[in-house]
Amino acid sequence: MNIKFTTNEIRYIALFESMTGAMVKDCIVDDKNGKITFLVKKGDMGLAIGRRGSNVTKVQKAVDKGVEVIEHSDDPVEFIANLFAPIKLRSIRILQRENGEKIATIEVNPKDRRAVIGRRGQNIERARILARRQHNISNIIIK
């Protein structure tokens, strides 16, 4: 699936890559919640975060928004686990329906449920967008 970035997203990606040296694969700008989520290439997480979070802090100051970094994975199960890290998911199942539609079902500890969903559903919504764009997963269901 080809992602079309807005000029705004392209600017943020260029800034993030030049400040951290990490390669960005996807970016979601959430103006409503004042947050930018960067999906970085597998293995670039350390670069992206920097020593004691210094790079993330630098980027946050530059963009004046919250910055979140998620590591990409070609394995859809690992990818979904990364979307919700550091929360440990009990299980992740990806089912493909006959029509080709892929649905991920995640099982979470009841005490982590609110964190997985996020305030006003922002975390699960962001996870669904990234899962759709990166792995063609049409929905994430929480059990």
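Structure: see above.
Note that the structure is predicted; figures quoted are calculated from it, not measured.

**Q** What should I look at first to understand the environment of lysine 32 in this one?
**A** In this fold, lysine 32 is placed in the loop between strand S1 (24-30) and strand S2 (35-40). Its relative accessible area of 72% is what places lysine 32 among the exposed residues. Along the primary structure lysine 32 and methionine 19 are separated by 13 residues, whereas in three dimensions their C-alpha atoms are 24 Å apart.

**Q** Could you clarify how one ought to interpret helix H3 (residues 54-63) in this entry?
**A** An α-helical turn contains 3.6 residues, so any two residues separated by three or four positions project in the same direction. Residues of H3 that are buried include every one of Asn55, Val56, Val59 and Val63, and no others. Seen end-on, H3 carries its buried residues on one side only, within an arc spanning 100°. On its buried face, H3 sits against helix H1 (7-20), S2, helix H2 (45-49) and strand S3 (66-71).

**Q** What am I meant to see in the side chain of aspartate 44 here?
**A** Position of aspartate 44 relative to the elements: it lies in the loop between S2 and H2. Engagement of the side chain of aspartate 44 in a polar contact is seen with the backbone nitrogen of methionine 23, the distance being 2.8 Å. Residue contacts for aspartate 44: discarding those within four places in its chain leaves Gly21, Ala22, Met23 and Glu71.

**Q** Just checking my understanding: could you explain the pattern of salt bridges for this structure?
**A** Side chains that carry opposite charge are capable of pairing whenever their charged atoms lie near each other. Applying the stated criterion to the full structure yields 6 salt bridges. A salt bridge links lysine 42 to glutamate 78, with the nearest nitrogen and oxygen atoms 2.6 Å apart. Taken together, the residues span a long stretch of sequence, with lysine 42 in the loop between S2 and H2 and glutamate 78 in helix H4 (residues 76-84) at a distance of 36 residues. The exposure class of glutamate 78 is partly exposed, given its relative accessible area of 30%. In this structure, aspartate 112 engages lysine 111 in a salt bridge whose closest nitrogen and oxygen atoms are separated by 3.9 Å.

**Q** What is the right way to read the nonpolar core from this model?
**A** Formed by 21 residues in total, the largest nonpolar core has its most connected members in Ile80, Leu83, Phe84, Leu89, Ile106, Val116 and Ile140. Every element with two or more residues in this core is listed here: H4, strand S4 (89-96), strand S5 (102-108), helix H6 (122-135) and strand S6 (137-142). When sequence neighbours within four positions are dropped, the list of residues in contact with leucine 83 reads Ile70, Ala127, Leu130, Ala131 and Ile140. The next biggest cluster of nonpolar side chains, apart from the first, holds 15 residues, and it includes Tyr12, Ile13, Phe38 and Ala48.

About the cut-offs
- Counting of residues starts from 1 at the beginning of each chain's written sequence and follows it residue by residue.
- This being a predicted model, a pLDDT of at least 70 is required before a residue's local features are given, and a value of 80 or more before pairs of side-chain atoms are given or counted; all residues contribute to the totals for chains, interfaces and linings.
- Excluding hydrogens and water, the side-chain figures rest on all heavy atoms present in the structure.
- In DSSP terms, a helix is any run of H or I states spanning at least four residues, a strand is any run of E spanning at least two, and both are numbered starting from the N terminus.
- Each residue is assigned to one of three classes by its accessible area relative to the maximum for its type, calculated with a 1.4 Å probe on protein chains only: buried under 20%, partly exposed between the two thresholds, exposed over 50%.
- Here, the arc refers to the directions that run from the helix axis to the C-beta atoms.
- We call two residues in contact when some of their heavy atoms are within 4.5 Å.
- For this analysis, a polar contact is any N or O atom pair within 3.5 Å, provided that within protein one partner can donate a hydrogen and the other can accept it, and provided that sequence-adjacent residues contribute only side-chain to side-chain pairs.
- The term salt bridge refers to a side-chain nitrogen of Lys or Arg lying within 4 Å of a carboxyl oxygen of Asp or Glu.
- Buried Ala, Val, Leu, Ile, Met, Phe, Trp, Tyr and Cys residues form a nonpolar core when they are joined through side-chain atoms within 4.5 Å.

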